[in-house]
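Coordinate analysis (summary)
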Amino acid sequence: MERANDSSLMGFILLGFSDHPRLEAAVFVFVLFFYLLTLVGNFAIIILSYLDPLLHTPMYFFLSNLSLLDVCFTTSLAPQTLVNLRGPEKTITYGGCVVQLYISLALGSTECILLAVMALDRYIAVCKPLHYVTIMNPRLCQQLASVSWLSGLANSLIHATFTLQLPLCGNHRLDHFICEVPALLKLACVDTTVNELVLFVVSVLFLLIPPALILISYGFISQAVLKIKSVEARHKACSTCSSHLTVVIIFYGTIIYMYLQPRNSYTQDQGKFISLFCTMVTPTLNPIIYTLRNKDMKVALKTLLSKKLYSLQA
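Rules and cut-offs
- Residues numbered from 1 in each chain as written.
- Predicted model: local features only at pLDDT ≥ 70, side-chain atom pairs only at ≥ 80, totals over all residues.
- Heavy atoms only, no water.
- UniProt positions renumbered as here; feature names shortened; annotations may be inferred.
- Core = buried A, V, L, I, M, F, W, Y, C linked by side-chain atoms within 4.5 Å.
- Buried < 20%, exposed > 50% of the residue type's maximum accessible area, 1.4 Å probe, protein only.
- Helix = DSSP H or I, 4+ residues; strand = E, 2+ residues; numbered from the N terminus.
- Contact = heavy atoms within 4.5 Å.
- pLDDT = per-residue confidence, 0-100.
- Salt bridge = Lys/Arg side-chain N within 4 Å of Asp/Glu carboxyl O.
- Polar contact = N/O pair within 3.5 Å; in protein donor to acceptor, adjacent residues only side chain to side chain.
- Pairing = 2+ DSSP bridges.

The protein chain appears in an unreviewed UniProt entry as Olfactory receptor from Ursus americanus. What UniProt states about the protein chain under its Subcellular location (unreviewed entry) heading is, verbatim, "Cell membrane". Per UniProt, the protein chain carries the Function (unreviewed entry) text "Putative odorant or sperm cell receptor."

Right, let's talk about the nonpolar core for a bit. Core analysis: the largest hydrophobic core is formed by 63 residues, its most contacted members being Val31, Phe62, Leu63, Leu115, Met118 and Ile214. A total of 12 residues in this core trace back to one element, the largest contributor, which is helix 5 (residues 94–127). Those residues within four positions of methionine 118 in sequence are excluded, and the remaining contacts are Phe62, Leu63, Leu66, His244 and Tyr290. Formed by 21 residues, the second largest nonpolar core is a distinct cluster that contains Ile92, Ala160, Val181 and Leu187.

So, about the UniProt feature "transmembrane region" (unreviewed entry) in the protein chain. What UniProt calls "transmembrane region" (unreviewed entry) maps, in this numbering, to residues 25–48, 60–79, 99–120, 140–158, 197–221, 242–260 and 272–292. This span, residues 60–79, is 90% helix and 0% strand, and a straight line between its end C-alpha atoms measures 28 Å.

With that out of the way, let us pick up the confidence of the model for the protein chain. Note: predicted coordinates in regions of low pLDDT should not be interpreted at a detailed level. For the protein chain, mean pLDDT is 83; residues scoring 70 or higher make up 90% of the total. The secondary-structure element of the protein chain with the lowest mean pLDDT is helix 1 (residues 2–10), recorded at 49, while helix 3 (residues 58–75) shows the highest, at 93. Scored below 50 in pLDDT, residues 1–5 makes 9 contacts in the model with residues more than four places away or belonging to other chains.

Next up on the list: the pattern of salt bridges. Considering all chains together, one arrives at 3 salt bridges under this definition. The residue lysine 90 makes a salt bridge to glutamate 24 at a minimum N-O spacing of 3.1 Å. Of this pair, lysine 90 sits in the loop between helix 4 (78–86) and strand 2 (91–92) while glutamate 24 sits in helix 2 (residues 21–51), placing them 66 residues apart in sequence. Taken individually, lysine 90 and glutamate 24 each receive the classification buried, so the pair is uniform in this respect.

Structurally, threonine 279 is set in helix 12 (residues 268–293). Classification of threonine 279 as buried rests on a relative accessible area of 4%. Apart from residues no more than four positions distant in its own chain, threonine 279 is found in contact with Phe73, Thr74, Leu77, Phe177 and Ile178. Polar side-chain contacts of threonine 279 include one of 2.7 Å to the backbone oxygen of serine 275.

Read from one edge of the open sheet, 3 strands run 2-1-3, paired in mixed fashion. Of all strands in the sheet, those bounded by a partner on one side alone are strand 2 and strand 3 (173–174). Pairing of strand 1 (residues 12–14) with strand 2 involves 2 bridges; the strand directions are antiparallel. Looking at strand 2, one finds that phenylalanine 12 is bridged to isoleucine 92.

Here it is as structure tokens:
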């Protein structure tokens, strides 16, 4: 009841970078730049994958899901962050914080599973090429994508609800620029040992098991690539897999660094900058990595642009 009487009426004050007022303008430009870049890059992948028949394959189907996920994830955080960075009030309503927490948790968890699914797709493509089309049929791809989204949603419903039940006893100053579980746990006026244990278990399930499966997949992929005699075929296999592997390393590297190491190993400001990189920069890197390192995507982009230029000239 104390939570309902206080936080639900007053909302939360997001302290963010208010301790460094001169830094806020630079952070505003940083967030705005990467948010726009995220929208442009990821929508480009979604549009290209839809319009180009050559990209109607399982790999680009999952990549489109990843791009849609990144757009939604960044949109759930960036607009509110921009408002708070430029406005005198650093507030978010209780309902807004709840929505932000549920959505960001669901989408972040979904990406953990989706990257593992993409590794499975690459494993079958490289290790079982003759059966790839049969195994990775449209129905299975849709089922795997659905499992990714539903598992993220389930984690969010359980984890966020469990966190929001904690009494805050009037504490409403969040020392962060977004509503996230660790920051909310610090506001609780009761023992949060159980919640921290749940956070650790969830972190293991979503941040350790999927990357472990990805590493195992790439172990088999590496063995299969070494057996390929054709230099061109080997280069193509390495090209498609290296893009995904680069995204995996960047995504899991920052997330694991942020959630699985002891809190006292870095300062609160360092944690904010790590979170800023993870929430704003990482979604931008995905389309850059896939478009610059992927020949099919570059060809599709050039074809689409040439058609647009031709239609304008005509």
